Structure formats: structure tokens, C-alpha cells
Amino acid sequence: LLVSNSPQGHYDYPISHCDKSVLYWCLERRMVPSLAEIFYTPPGGSIGIHVDRVRGQDNPAKLNWAYGGAGSTMRWYSQTDNTEPKIMTTPIGTGYALFDRQSCTLVHETEIGQPTLVNAGIPHDVTNPDSHGRWCVSITLADLVTRSCISFEQAAQRFHDCMA
């Protein structure tokens, strides 16, 4: 998934290691983490345009915390043609669909460095222009009762009281 000469940077992160205040914060909003993972983007590196594939959810929500990589941005795209993305599997067994950059048009870009609610169901990538590596803890959110992954729209509703 990384586009650079650096080694793959995707790691499993036990939910039990997540900060307890984050877990309680999610519980207050009737959500639980269903998966936690860490991504590493090397200095000057980028992650290819992709969509996170989460079983049972076409538009998954994730909470991301980035460390390092000052000036890093996340960019979302629309697909400009019917080119099928490549269905891939990460080193920790999660799925993603990788898009050809030539078949995508930039829709939105924002600097990320603080806790961020991410729409992972739209083609997106991350760039790290910094001279230091960027680490990102990413938590997939699930409903407290059903344990099904929730959509970005559902997460945005549940976090409405703390979104700027």
C-alpha cells in the first residue's frame, strides 16, 4: 500500500492497548472499536489511493490519530472512469481496494495531525511531506449492540457534539 522505497508500514494494534479514555469516549456514543491498526508513512512518502474494505459496510468510519509527519494531508478522490480497482490484502489480513491514480480526480484535501473522524469508504490517500516519519493509529468503529461496523454518516451523528 505504501508508495516509496521504504518497507510496508501496516501493523496490527491490540484494542486492549488503546487509551481507556478513548474507549470510554466511544462507549458514551454507543460505539466500540472493532479493529485497531497502525500505519507508518515514511518521510516524503505517500500511501496509494485506496478504499478500506470492511465486511458489512461500504462506507466505514475510522478514528485516526497521527503522530509525526508535520504537514501530512489526507486527500479524497472521485473515480473518473470504470477502471476496476485492485482488491488487495494488507499484511494483517484486512482488505482494501487500490485505485489507479490516473482514474481519480481530487475532491478534497485537508491537513491531518489531530484526532480525526475519517470516511474510509471513499477513495483516499495520505502524503507525508515531512522529513520525519508519520505514525497513525486507526480504529474501526462498530455499534455497541450489534457489533457491526458503522458508516461514516452514523459516526458523524454520534460524534456531533464534539465535531468542529
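In this report, the structure presented in the accompanying data block is examined. (Residues numbered from 1 in each chain as written. Predicted model: local features only at pLDDT ≥ 70, side-chain atom pairs only at ≥ 80, totals over all residues. Heavy atoms only, no water.)

This part is about the layout of surface pockets. Each pocket or cavity is described by its volume, and for the second largest pocket that value is around 350 Å³. Along its surface, the second largest pocket is lined by 20 residues, and Leu35, Arg53, Val54, Arg55 and Thr94 are the ones closest to its centre. Ranked by residue count, the leading element in the lining of the second largest pocket is strand β3 (residues 31–41), at 4 residues. Of the residues that constitute the lining of the second largest pocket, the class distribution is 6 nonpolar, 8 polar and 6 charged. (1 Å grid on protein atoms, 1.4 Å probe; cavity = no way out; pocket = protein on both sides within 12 Å on 5 of 7 lines; lining within 4 Å. Points joined across faces, edges and corners; volume = space filled by probe spheres on them. Helix = DSSP H or I, 4+ residues; strand = E, 2+ residues; numbered from the N terminus. Nonpolar A, V, L, I, M, F, W, Y, C, P; charged D, E, K, R; others polar.)

Ordered in space as β2-β3-β12-β5-β10, the 5 strands form an open sheet in which the pairing is antiparallel. Strands with a single pairing partner mark the edges of an open sheet, and in this sheet they are β2 (10–12) and β10 (116–119). Looking at each pair of strands side by side, their axes are set apart by 30 degrees on average, direction ignored. With 7 bridges joining them, strand β5 (residues 61–68) and strand β12 (residues 134–143) adopt antiparallel strand pairing. Directly across from Trp65, in β12, lies its bridge partner Val137. Across the sheet, helix α1 (residues 20–27) touches β3, β5 and β12, and the angle it forms with β3 is around 135 degrees. (Pairing = 2+ DSSP bridges. Axes fitted to C-alpha atoms, helices over the stretch in contact; angles between N-to-C directions. Contact = heavy atoms within 4.5 Å.)

In this section: the packing of aromatic side chains. Evaluation of the coordinates by the stated rule reveals 3 aromatic pairs. Taking 4.8 Å as the distance between ring centres and 40 degrees as the angle between the ring planes, the aromatic pair formed by Trp25 and Phe159 counts as tilted. Pair noted here: Trp25 is in helix α1 and Phe159 is in the segment after α2 (152–158), with a separation of 134 residues, a long-range link. Seen from their ring centres, Tyr40 and Trp135 are 4.5 Å apart, and the 45 degrees between their planes marks the pair as tilted. Highlighted residues: Tyr40 in strand β3 and Trp135 in strand β12, separated in sequence by 95 residues. (Phe/Tyr/Trp six-rings, centres within 6.5 Å; stacked < 30°, edge-to-face > 60°.)

Below, the discussion takes up empty space enclosed by the protein. This model, assessed by the stated rule, comprises 3 cavities of 30 Å³ or more. For the largest cavity, the lining is made up of 14 residues, of which Phe39, His50, Asn64, Met74 and His124 are closest to its centre. Breaking the lining of the largest cavity down by element, the ones donating at least two residues are β4 (46–53), β5, β11 (124–127) and β12. Residue composition of the lining of the largest cavity, by class: 7 nonpolar, 4 polar and 3 charged.

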